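Report on the structure
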Amino acid sequence: MIRAFIFDLDGTLVETELLKAKAYAAVSGDLLGMDGPDERAIDVYRGIVGATDETAARAMVDGLGLTDALGDATEEPWLALSWLQMERYRSEFATGDGLRSVAYPHALDLLRIQATSGTSVAVATSSHTDAAARVTEELGIRALLDALVGRDQVTNGKPYPEIYLKTADILGVTPDEVVVVEDSATGLEAAVRAGMRCIAIASVFSSEGLRAQTLLRQDWCVYDPETLKAVVERHLSEAR
């Protein structure tokens, strides 16, 4: 029996992945003295979608050749870039209106339906908890969550299963009583390794990776939001 739904946040409930990629592009363009954003950052981000902030920042430094441009920073280059990107993301891209404009109604509706049906609902995200709390507040779902677990609450981020196991423990459920809703191959790997059922909803960044992965059956991957309801119903029926 399914007693809990655990949702990823970025790329699943709201397309913050695109906003984060655009923030990286803007910062990188400034660092390299370009007239505008460095659009190469979008492609780099597409290759690491669902990963931790550190993994993303390191990929940007290496992929865009930013080490020299960050040479005056007192921190490691990836950390300096991460701080610059986060400041730009929060001030320019992740505004209330900006977040709501890229929300995914089909995934938010699923969360609300499960919450009102008495099922436990939670968010487990590679973002830090304070950032995730702000996003969920802006989306109007924070009060519906029984738990909100960010990357800073675990030792090993996705694709390790720790964050999903910790969230299940907080909810008081076992892995076989959980459906995870993810968007990326990295995230679904974490869910599968945790021994949980998983639904993967393709986003603008993750569709290619989902089609290529082999851990989750393709009939549990949602490429058309109109099919999400049927996939959820199959999970609930099979778990009875």
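Residues numbered from 1 in each chain as written. Predicted model: local features only at pLDDT ≥ 70, side-chain atom pairs only at ≥ 80, totals over all residues. Heavy atoms only, no water.

A short note on the overall build of the protein chain
In plain terms, the rule: Helix and strand definitions here come from DSSP, where helices need a minimum of 4 consecutive H or I residues and strands a minimum of 2 consecutive E residues; each element is numbered from the N-terminal end. Both definitions apply: the radius of gyration is a C-alpha atom measure, and the globule rule equals 2.2 Å times residues to the power 0.38. The contact rule is simple, with two residues in contact once any of their heavy atoms fall within 4.5 Å. Per-residue and other accessible areas were derived by the Shrake-Rupley procedure at a 1.4 Å probe size, with only the shown protein chains allowed to occlude residues. Charged residues are defined here as Lys and Arg on the positive side and Asp and Glu on the negative side; His and the ends of the chain fall outside this count. The atoms used to mark charge sites are NZ of Lys, CZ of Arg, CG of Asp and CD of Glu.
Looking only at helices and strands, one finds 11 helices and 6 strands in the protein chain. Over its C-alpha atoms the protein chain spans a radius of gyration of 18 Å, differing by no more than 12% from the 18 Å that the globule rule assigns to 240 residues. Within the protein chain, contacts between residues at least 6 apart in sequence are counted, and of these 64% link residues at least 24 apart. In the form shown here, the protein chain has an accessible surface area of approximately 10700 Å², with 49% of it arising from carbon and sulfur atoms. Side chains of the protein chain carry 22 positive and 38 negative charges; the gap between the two charge centres is 6 Å.

Observations regarding the packing of helix α3 (residues 53-64) against helix α4 (residues 77-93)
Note the following rule: Simply put, an axis is a line fit to the C-alpha atoms, just over the touching stretch for a helix, and the angle between two N-to-C directions goes from 0 to 180 degrees. Working definition: roughly parallel below 35 degrees, roughly antiparallel above 145 degrees, roughly perpendicular at 65 to 115 degrees, and oblique for all remaining angles.
Direction vectors running N to C along α3 and α4 enclose 105°, while the axes themselves pass 8 Å from each other. Compared by their axis directions, α3 and α4 come out roughly perpendicular. On α4, the residues touching Asp 53, Glu 54, Ala 57, Arg 58, Met 60 and Val 61 of α3 are Pro 77, Trp 78, Leu 81, Ser 82 and Met 86.

Some words on the nonpolar core
Stated formally: For this analysis, a nonpolar core means a set of buried residues of the types Ala, Val, Leu, Ile, Met, Phe, Trp, Tyr and Cys, connected via side-chain atoms within 4.5 Å. Throughout this description, buried means an accessible area under 20% of the type-specific maximum (1.4 Å probe, protein chains only), exposed means over 50%, and partly exposed covers the range between.
Phe 5, Phe 7, Leu 13 and Tyr 164 are the most contacted members of the largest nonpolar core, which totals 63 residues. When sequence neighbours within four positions are dropped, the list of residues in contact with Tyr 164 reads Ile 6, Asp 8, Ala 124, Lys 158, Val 180, Glu 182, Gly 187, Ala 190, Ala 191, Ala 194 and Met 196. Core analysis: the second largest hydrophobic core is formed by 21 residues, Ala 21, Ala 25, Tyr 45 and Leu 70 among them.

Regarding α4
The cut-off we apply is this: By definition here, a helix of n residues has an expected span of 1.5 Å times n minus one.
Compared with an ideal rise of 1.5 Å per residue, which puts 17 residues at 24 Å, α4 spans 23 Å between its outermost C-alpha atoms and is within 8% of the ideal. For α4, the complete set of buried residues consists of Trp 78, Ala 80, Leu 81, Ser 82, Gln 85, Met 86, Tyr 89 and Phe 93. On the buried face of α4, the contacting elements are α1 (16-31), α3 and α5 (96-101).

Let's talk about the layout of surface pockets
We count it as follows: A cavity, in this analysis, means grid points on a 1 Å lattice covering only the protein atoms where a 1.4 Å probe fits yet has no way out; a pocket is instead an open set bounded by protein on both sides within 12 Å along at least five of seven lines, and a residue lines either one if it has an atom within 4 Å of a point. Grid points are joined across faces, edges and corners, and a volume is the space filled by probe spheres set on the points. Three categories are distinguished: nonpolar for Ala, Val, Leu, Ile, Met, Phe, Trp, Tyr, Cys and Pro, charged for Asp, Glu, Lys and Arg, and polar for the others, with Gly belonging to the last.
For the largest pocket, the calculated volume is near 420 Å³. Every residue lining the largest pocket is counted, 22 residues in all, and those nearest its centre are Asp 53, Glu 54, Ser 82, Met 86 and His 128. Contributions of two or more residues to the lining of the largest pocket are made by α1, α3, α4 and α7 (129-139). In terms of residue count, the dominant contributor to the lining of the largest pocket is α4 (7 residues). Forming the boundary of the second largest pocket are His 106, Asp 109, Leu 110, Ile 113, Gln 114, Pro 225, Leu 228, Lys 229, Val 232, Glu 233 and Leu 236. When contributions to the lining of the second largest pocket are tallied by element, the ones reaching two or more residues are α6 (105-116) and α11 (228-238). Classifying every residue of the lining of the second largest pocket gives 6 nonpolar, 2 polar and 3 charged.

Section: the sheet that holds strand β2 (residues 120-124)
Threshold: Strands pair, by our definition, only if DSSP identifies at least two bridges between them.
Strand order in this open sheet of 6 strands is β3-β2-β1-β4-β5-β6, and the pairing throughout is parallel. The strands lining the two open edges of the sheet, one partner per strand, are β3 (147-149) and β6 (221-222). Looking at chain direction, strand β1 (residues 4-7) and strand β4 (residues 178-182) are connected through 4 bridges and run parallel. Across the sheet, the residue bridging to Ile 6 is Val 180, located in β4. Its contacts with the sheet place α11 against β1, β4, β5 (197-201) and β6, and it is angled at close to 175° to β5.

Comments concerning the packing of α1 against α4
The condition that has to hold: By convention the crossing between two helices is left-handed if the near helix lies anticlockwise of the far one by an angle smaller than a right angle, and right-handed if it lies clockwise.
As a packed pair, α1 and α4 sit with axes 8 Å apart at the nearest point and diverge in direction by 120°. Put simply, α1 runs oblique to α4. With respect to the hand of their crossing, α1 and α4 are arranged in right-handed fashion. Along the contact surface, α1 presents Thr 16, Leu 19, Lys 20, Lys 22, Ala 23, Tyr 24, Ala 26, Val 27, Asp 30 and Leu 31, while α4 presents Leu 81, Leu 84, Gln 85, Arg 88, Tyr 89 and Phe 93. When its residues are assigned to classes, the contact of α1 with α4 shows 10 nonpolar, 2 polar and 4 charged.

Focus: the packing of aromatic side chains
How we decide: What counts as a ring pair is set by centres within 6.5 Å for rings of Phe, Tyr and Trp (its six-membered ring), and what kind of pair is set by the plane angle: stacked under 30 degrees, edge-to-face over 60, tilted for all other angles. A ring is considered to have a charge above it if a Lys NZ or an Arg CZ atom is located within 6 Å of its centre and within 35 degrees of its normal.
Inspection of the entire model under this criterion finds 3 aromatic pairs. Judged by centre distance (5.8 Å) and plane angle (65°), the rings of Tyr 45 and Phe 205 are edge-to-face. Here Tyr 45 is found in helix α2 (residues 40-46), whereas its partner Phe 205 is found in the loop between β5 and α10 (207-212), with 160 residues between them in sequence. Like Tyr 45, the residue Phe 205 is buried in the burial classification. One aromatic cluster in this structure is built from Tyr 24, Tyr 45 and Phe 205. Note that Lys 20 overlies the ring of Tyr 89, its terminal NZ or CZ placed 6.0 Å from the centroid. Taking the ring centre of Tyr 223 as reference, the NZ or CZ of Arg 211 above it sits at 3.7 Å.

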